[in-house]
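Chain residues, written in single-letter form:
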Amino acid sequence: MGSTPYRILLDALDPGAPAETDLPELDHTPDPWESSMQATCECLSWRGTLDNLDRRHAEDALGETLYHDFPVHTRPAVVTAHELLDRGVITEEELRARMDAVRARLTRQ
Amino acid sequence: MTRTHDHDHDAHAAIQSSSGVNEFEVLEQAVRELAIEKGLFSAEDHRRFSEWAESIGPSGGSKLVAKAWVDPEFNARLLADGTEACKEVGIDWLDPTGVGTPSDYTYFYVLENTPTVHNVIVCTLCSCYPRPVLGMSPDWYRTPHYRRRLVRWPREVLAEFGLHFGPDVEVRVHDSNQKSRFMVMPMRPDGTEGWTEEQLAAIVTRDTMIGVAQPKADWTATSSPSAG
């Protein structure tokens with residue numbers, strides 16, 4: 001677990017997003033991408049890259065520190081990416097490039 | 001055989017993307033694609049896992065309850081250690097990934113209804129649910145109205161499901177969280193004496209294990225209520 005957040009991940013948070021409250025996520029309805037993220041986490045654990053329990057501990061630790069402004073439901077995505085970056089499995093540059101490519105695909109008319 | 005369409009495709013409105021893309025959706029897809037490209041897992045792995053996780057239904061929970069109804073010793077084990085007792089009906093919260101997939105690392109508690117105590121579960125924070133035993137949660141379970149109101153006015157909410165309790169019954173609401181999952185063990189209904197575990201499991205429906213319904217000898221939830 002690194003001690004500094006990654007810029008590419010901080011940029012994912014909309015600066016206009018409402019801050020967490022005493023009852024965070026009360027109005028949140030899970031999105032389909034969250035199920036897909038769950039499957040990604042399970043596959044990473046299953047195939048030996050990132051153990052689920054280690055990830056959950058990282059979610060608790062990083063979610064309350066480096067990424068404390070992020071909604072709880074985004075923690076699996078943010079922390080999984082953070083852990084893969086920390087382990088050198090992916091780089092910040094290739095993640096940024098891939099996010100740009102994915103965003104372009106999703107918004108193509 | 002080719003089927004012909006009897007409607008004009010031009011009449012369909014084009015599917016519009018919503019007002020802007022969700023950056024976390026983008027992040028999820030980017031991480032997944034990079035992981036697949038680097039050989040950490042395959043696209044087939046991901047698809048199979050998603051298909052499997054979404055296909056889990058409440059039958060595991062039904063088996064647990066039915067077995068507990070006919071076997072007092074299993075009932076005691078189930079109430080004492082839900083995670084361990086689940087293995088006796090083939091559900092290992094630690095398999096296949098070692099941490100309770102698909103609901104992650106968790107403790108599992110079974111809550112026994114009695115003539116004077118009725119239990120019901122909710123997740124006020126998000127949508128935590130005992131997926132290994134009940135499958136995917138129903139839509140209404142995830143709504144803010146259910147989550148917000150059940151903890152404040154449980155009898156009112158249960159009445160909307162058709163469940164009415166007098167003052168002699170204590171209603172206990174159990175709030176699930178990241179580490180703890182709950183399931184209700186409903187009371188065995190009258191008219192089921194001598195039934196097999198399989199027969200009993202058929203009437204232990206999803207809603208009875210959430211706690212918004214009670215099992216009935218003549219209702220299995222496997223066919224339309226209007227079918228009979």
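Structural data are supplied above this passage.
Residues numbered from 1 in each chain as written. Chains lettered and ligands numbered in written order. Predicted model: local features only at pLDDT ≥ 70, side-chain atom pairs only at ≥ 80, totals over all residues. Heavy atoms only, no water.

1. Quick notes on the overall build of chain B
Next up, step 1: The number of helices and strands found in chain B is 10 helices and four strands.
Next up, step 2: Ordered by position in the sequence, the α and β elements of chain B form the string α-α-α-α-α-β-β-α-α-α-β-β-α-α. (Helix = DSSP H or I, 4+ residues; strand = E, 2+ residues; numbered from the N terminus.)

2. With respect to the overall build of chain A
Next up, step 1: Helix and strand counts for chain A come out as five helices and zero strands.
Next up, step 2: Helices and strands in chain A line up, N terminus first, as α-α-α-α-α.
Next up, step 3: Burial statistics for chain A: of 109 residues in total, 47% are counted as buried.
Next up, step 4: For chain A, contacts bridging at least 24 residues in sequence account for 68% of all contacts bridging at least 6.
Next up, step 5: Accessible area for chain A stands at about 5400 Å²; split by element, carbon and sulfur atoms hold 51% of it. (Buried < 20%, exposed > 50% of the residue type's maximum accessible area, 1.4 Å probe, protein only. Contact = heavy atoms within 4.5 Å. Areas by Shrake-Rupley, 256 points an atom, 1.4 Å probe, with all protein chains shown as cover.)

3. Re the interface of chain A and chain B
Next up, step 1: In this complex, chain A contributes 49 residues to the contact, which on the side of chain B involves 42 residues.
Next up, step 2: Across the interface of chain A and chain B, roughly 4300 Å² is buried in total on both sides, 62% from carbon and sulfur atoms.
Next up, step 3: Salt-bridge contacts for B:Asp45 lead to A:Arg47; the nearest nitrogen and oxygen are separated by 2.9 Å.
Next up, step 4: Across the chain A-chain B interface, the total number found is 10 residue pairs in polar contact (both at pLDDT 80 or more).
Next up, step 5: In terms of residue count, helix α2 (residues 32-46) of chain A provides more of the side of chain A that touches chain B than any other element does, 12 residues in total.
Next up, step 6: Looking at the side of chain A that touches chain B residue by residue, the classes come out as 24 nonpolar, 12 polar and 13 charged. (Buried area = accessible area lost by both parts, 1.4 Å probe. Salt bridge = Lys/Arg side-chain N within 4 Å of Asp/Glu carboxyl O. Polar contact = N/O pair within 3.5 Å; in protein donor to acceptor, adjacent residues only side chain to side chain. Nonpolar A, V, L, I, M, F, W, Y, C, P; charged D, E, K, R; others polar.)

4. Let's talk about the pattern of salt bridges
Next up, step 1: For the structure on display, the rule yields 22 salt bridges over all chains.
Next up, step 2: A salt bridge links A:Asp11 to A:Arg96; the nearest nitrogen and oxygen atoms lie 3.6 Å apart. Of this pair, A:Asp11 sits in the loop between α1 (7-10) and α2 while A:Arg96 sits in helix α5 (residues 92-107), placing them 85 residues apart in sequence.
Next up, step 3: A residue is classified by how much of its surface remains accessible, and A:Asp11, at 38% relative accessible area, is partly exposed.
Next up, step 4: In the salt-bridge network here, residues are joined through shared partners; they are A:Arg98, A:Arg105, B:Glu33 and B:Glu37.

5. Focus on helix α1 (residues 23-37) of chain B
Next up, step 1: Between its first and last C-alpha atoms α1(B) spans 21 Å; for 15 residues at 1.5 Å apiece the expected length is 21 Å, and the two agree.
Next up, step 2: The element α1(B) is largely enclosed, with a buried count of 11 among its 15 residues.
Next up, step 3: The complete set of buried residues in α1(B) reads B:Phe24, B:Val26, B:Leu27, B:Glu28, B:Gln29, B:Ala30, B:Val31, B:Arg32, B:Glu33, B:Leu34 and B:Ala35.
Next up, step 4: Buried residues belonging to α1(B) abut α1, α2, α4 (75-86) and α5 of chain A together with α2 (43-55) of chain B.
Next up, step 5: Between the side-chain oxygen at the start of α1(B) and the backbone nitrogen of B:Phe24 there is a gap of 2.7 Å, and the oxygen is on B:Asn22.
Next up, step 6: One or two residues past the end of α1(B) sits B:Gly39, with phi positive at roughly 80 degrees. (Expected span 1.5 Å × (residues − 1).)

6. Digging into the nonpolar core
Next up, step 1: Of all hydrophobic cores here, the largest spans 42 residues; its most connected members are B:Leu64, B:Leu78, B:Phe108, B:Val133, B:Tyr146, B:Met183 and B:Ile210.
Next up, step 2: With five residues, helix α3 (residues 59-70) of chain B is the largest single contributor of residues to this core.
Next up, step 3: If sequence neighbours within four positions are ignored, B:Met183 has contacts with B:Gly61, B:Leu64, B:Val65, B:Phe108, B:Tyr109, B:Val110, B:Leu111, B:Ile121, B:Val133, B:Leu134 and B:Met209.
Next up, step 4: Core analysis: the second largest hydrophobic core is formed by 36 residues, A:Ala39, A:Leu95, A:Met99 and B:Ala35 among them. (Core = buried A, V, L, I, M, F, W, Y, C linked by side-chain atoms within 4.5 Å.)

7. Description of the environment of A:Val89
Next up, step 1: Structurally, A:Val89 is set in the loop between α4 and α5.
Next up, step 2: With 30 residues separating them in the primary sequence, A:Val89 and A:Glu59 have C-alpha atoms 18 Å apart.
Next up, step 3: Setting aside its immediate chain neighbours within four residues, A:Val89 contacts A:Leu84, A:Glu94, B:Lys38 and B:Leu40.

8. Let's talk about the packing of α5(A) against α1(B)
Next up, step 1: Two elements in contact, α5(A) and α1(B), have axes separated by 8 Å at closest approach and are oriented at 120 degrees. Judged by the inter-axis angle, α5(A) sits oblique to α1(B). For α5(A) against α1(B), the interelement crossing comes out right-handed. The segment α5(A) lies against α1(B), with A:Glu94, A:Leu95, A:Arg98, A:Met99, A:Val102, A:Arg103, A:Arg105 and A:Leu106 engaging B:Glu23, B:Glu25, B:Val26, B:Leu27, B:Gln29, B:Ala30, B:Val31, B:Glu33, B:Leu34 and B:Glu37.
Next up, step 2: Of the residues in the contact of α5(A) with α1(B), the class split is nine nonpolar, one polar and eight charged. (Axes fitted to C-alpha atoms, helices over the stretch in contact; angles between N-to-C directions. Parallel < 35°, antiparallel > 145°, perpendicular 65-115°, else oblique. Left-handed = near helix turned anticlockwise from the far one by under 90°.)

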